[in-house]
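# Fold and geometry: a report
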Amino acid sequence: MPTSAPVSEEMIAKQIEQERLQIHLGEKNLEKSTLKAETKAYASSTVYGISSIQELIPHVTEEIEGIGARFKKGQAGVAFKEIQEYISDIEPLVAAGIACKITFDKVFSIKDDEDSRLTNVYDSVGKAVMQECQMRYYERKAPGLLHVLKENYWHKAIGTQQKLTDIQIMMNRNNIHWKIWPNTVRIKLGNVLVDCLLRKSGWFEPFIQRVGRKTQTYLVPTPLFNDLKEGIIEQAKLFSAEHWPMLIEPRDWTATSNGGYLLDEVMRGHDMVRKGNPALIQGENPVAFLNRIQKVGYRINPFTAQVAKTLYAKGRTVGKDPKFIPSTSTLDLPPKPVDIDTNAEARKSWCIEAAKIHNINNQLIRKSCRTRMTMKALERFEDKDVFYCPWSFDYRGRAYPIPAYLTPQDTDFGKSLLKFHREAMVTFDAEDWLCFQVATTYGLDKKTINERISWTLENKELITRITLDPIGTVHEWEAADEPWQFLAACEEYYHCVISGKRNYTSLPIATDATCSGLQILAGLARDASTARLVNVLPSDSPQDAYKAIAELAKPKCPEQWREYIDRSVAKRLVMTIPYNAKFKSNWNYVEQALNDTDKGKGLGVPKEDVTVITHALRDAVFELFPGPTAVMKWIEDEVGKALKAGKTSLEWTTPSGFVVFQKIMKPDITTMDTQLLGKVRRVFIATGDSDKVNVSKHKAATSPNLIHSLDASLLHLSVLRFDAPIALIHDSVLCRATDMSLLSTVVRETYMHLFAENDYLKDFAQQIGAETEPPIIGDLEPSSVIDSTYFFC
């Protein structure tokens, strides 16, 4: 890549000004979200609420356990005798979680001044405990019915009280009734739990306020907690800065200093290696790779940007499973009946229909958040001649953009807004790759390259129609698998090839590895049979490992389902086997592929038959892929031995020089299951990592992490040999159509060198201290990949 031109002081000043704005807006967003939560009486979801409650719960739990012990001995006093039967049905941890959550919500609520009145806090805590017990009662009495009701009535957009009301109504209709606890019991129960919280924290205290002749007692935060709260918020502000693309090339990373943004205040929380060991020094190649991809310039695609703005203004969603959802794309409420005030039946029917629309609209508003934020980013950068993306590594060496929007790893819509800043001349080869991109994004990604090119040539009329009238043809292009990228590809192909008015191209063209996990394992084991099935070896058409597995498994499947066992049923199972997916998760993938009415075949295959089919598919994998399965088993065994011998972590260096550090300890956690409170039903309360190695997770994680580190290493070395704009999505590469043939050759040559020049599996064995030799079959000649057309396609 050419040496970067000097950056003017004016552009540096503009970048610094932008980063200061990112810091300012981040702080404002934090303040806004905090205020919004407090306005909705949901302070438990704020940064100070989450942090404080996590710290407090173990102590409150301990106090409640002491109360429970005294209850059992009859030492709690006469005043609390009547609540003993009510509190005994709920675990101290759950009671502590409820007490902490409700107390924070009420004390810091600015929704209603009465929320923080002491008796109201007591009653609210007692009521929440009662509701938890009520849901558990339903679960004991009718578990099947409760599951069905949750699936059908619990939308993400509805609140806690509405969820409970829906369940209660339906349970009553099925003659399952819950007896409401007396108000005095709820208040006394809340009193006990809140007092536990006050004694253990010192964060809240009663405050007596006299208005006229009336006296009211409120629960308020103490000065101690106000200071703590302010400190937590100030600390959160340090990490709240928004992360946008940059106006100039990002600062270079070095082995000992941070790169990316110019101001350290924006980079807080973004080390070069995410979740890695900061003491490790990375090799020269990975650092050079990271700095290389940061110097790739981008600009907004004006065509897709204009289409997006027009459709957004119209409130038009796009796609079969829409990811482009304008915030105005909500449905209108049904018209009210003229006699709604006097006709009870008509009023009830209208309320039911209106509730359905409200639920749909609330979900649309939630889903529209990503689109709304992308449109804001578009507005901010569409007039910029060039912008850049700062990147960092995960602990295995894979590269990820730091900004959240307008990056090569964005959604289909977000990616369609990008073009490389540097253009390239349209060659005959480029025309073929533009054909390839059009057909691939439409949904022909499993066809041969020639079939994809032929499809595009046969559909020039469709491409022309879409390009010249994108708004009028939404119904046609939104049917594509990746509608926005398909739209961008149509426009580029039309102007570069059909009309020929554009001599240069800068559209990112993407190619993906074929079963990259199996490709890597085939190279490690030098297993020719696996290599052939995942396109490491040359062939006239792309090999389909998923189809091969399905065909091999069919004879062992129940006869009535054999005709339905195809690549779609096998795909996720085969994809995840290299990453140590176990039988249970494989079973879920197969069951979904066969029985899901939306994403599967909707066949209604019995569970026992799904089990048989899953076993048959897994057996086929082990038969067709002997090298990979042997390597995975060997890794698991050797990791177990190394940990048993006293190792607490694993470390290995990839061929590119990236140092992977894997340390997985057993966390000291307690699990709290709640039925109603919050969006997440299972709340984990972590008290830190223990000193015990998590052997099972180490063994399960090493094979996937080795694969990820090697596919990352492959791209590190490939990028350093490629002198043109390039972007990455994990094991997928993107470049201009003019450069794709060269890039494909570079990747294949790098794979060859990576696995041909040495047996890396032996190096890995030495680095982890393996006791036995790795299982290398040895019948694969890695140099053969040079002629493989479909290694990346």
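The structure we're discussing is the one just above.
Quick caveat, the model's predicted, so the values are computed rather than measured. (Residues numbered from 1 in each chain as written. Predicted model: local features only at pLDDT ≥ 70, side-chain atom pairs only at ≥ 80, totals over all residues. Heavy atoms only, no water.)

### Thoughts on the overall build of the protein
Here is the rule we go by: Strands are runs of DSSP state E lasting at least two residues, helices are runs of H or I lasting at least four, and both sets are numbered from the N terminus onward. Between buried and exposed lies partly exposed: a residue is buried under 20% and exposed over 50% of the maximum accessible area for its type, with that area taken using a 1.4 Å probe on protein chains only. Every residue pair with non-hydrogen atoms within 4.5 Å of one another is taken to be in contact. Counted charges follow a simple rule, with Lys and Arg positive, Asp and Glu negative, and His plus the chain ends left uncounted. Each charge is placed at NZ for Lys, CZ for Arg, CG for Asp and CD for Glu.
When its secondary structure is counted, the protein shows 29 helices and 17 strands. Considering only C-alpha atoms, the protein reaches an extent of 90 × 65 × 65 Å along its principal axes. Evaluated residue by residue, the protein yields a buried proportion of 51% over its 793 residues. For the protein, contacts bridging at least 24 residues in sequence account for 73% of all contacts bridging at least 6. Measuring between centres, the 98 positive side-chain charges of the protein sit 6 Å from its 101 negative side-chain charges.

### Notes on the sheet that holds strand β17 (residues 732–735)
Note the following rule: Should DSSP find at least two bridges between two strands, the strands are taken to pair. For helices, the fitted axis covers only the stretch in contact; all axes are lines through C-alpha atoms, and the angles between them, taken along N-to-C directions, range from 0 to 180 degrees.
Strands sit in the order β11-β17-β16 across an open sheet of three strands; the sheet is antiparallel. Each having just a single partner strand, β11 (509–512) and β16 (727–729) make up the two edges of the open sheet. Ignoring which end each strand starts from, the neighbouring axes of this sheet average 25° apart. The pairing of β16 with β17 spans three bridges and is classified as antiparallel. Counted as the bridge partner of leucine 728 is valine 733 from β17. Sheet strands touched by helix α28 (residues 740–756): β11 and β17. Its angle to β17, the strand with the most contacts, is close to 145°.

### Some details on the packing of aromatic side chains
Spelled out, the test is: A pair of aromatic rings is counted whenever rings of Phe, Tyr or Trp (Trp by its six-membered ring) have centres within 6.5 Å, and the orientation is called stacked for planes under 30 degrees apart, edge-to-face for over 60 and tilted otherwise.
One pass over the structure, following the stated rule, counts 26 aromatic pairs. Note on phenylalanine 108 and phenylalanine 225: the rings are 5.6 Å apart at their centroids and 45° apart in plane angle, and the pair reads as tilted. Taken as a pair, phenylalanine 108 in the loop between α4 (92–107) and α5 (118–141) and phenylalanine 225 in helix α9 (residues 223–237) lie far apart in primary sequence, 117 residues in all. Pair check on accessibility: phenylalanine 108 and phenylalanine 225 agree, each one buried. An aromatic cluster of at least three residues, connected via ring pairs, comprises Tyr48, Phe104, Phe108, Trp203, Phe204 and Phe225.

### Notes on the packing of helix α23 (residues 567–576) against helix α25 (residues 607–624)
Condition: Roughly parallel refers to an angle under 35 degrees, roughly antiparallel to one over 145, roughly perpendicular to one between 65 and 115, and oblique to any angle outside these ranges. Working rule for handedness: look at the near helix, and if it is turned counterclockwise from the far one by less than a right angle, call the crossing left-handed; if clockwise, right-handed. Basically, the charged four are Asp, Glu, Lys and Arg, the nonpolar ten are Ala, Val, Leu, Ile, Met, Phe, Trp, Tyr, Cys and Pro, and anything else, Gly included, counts as polar.
One can describe the packing of α23 onto α25 by two numbers: an axis separation of 11 Å at closest approach and a directional angle of 60°. Taken together, the axes of α23 and α25 are oblique relative to one another. Viewed along their axes, α23 and α25 form a crossing whose handedness is right-handed. Here Val569, Ala570, Leu573 and Val574 of α23 come into contact with α25, specifically with Thr614, Leu617, Arg618 and Val621. Counted by class, the contact of α23 with α25 contains six nonpolar, one polar and one charged residues.

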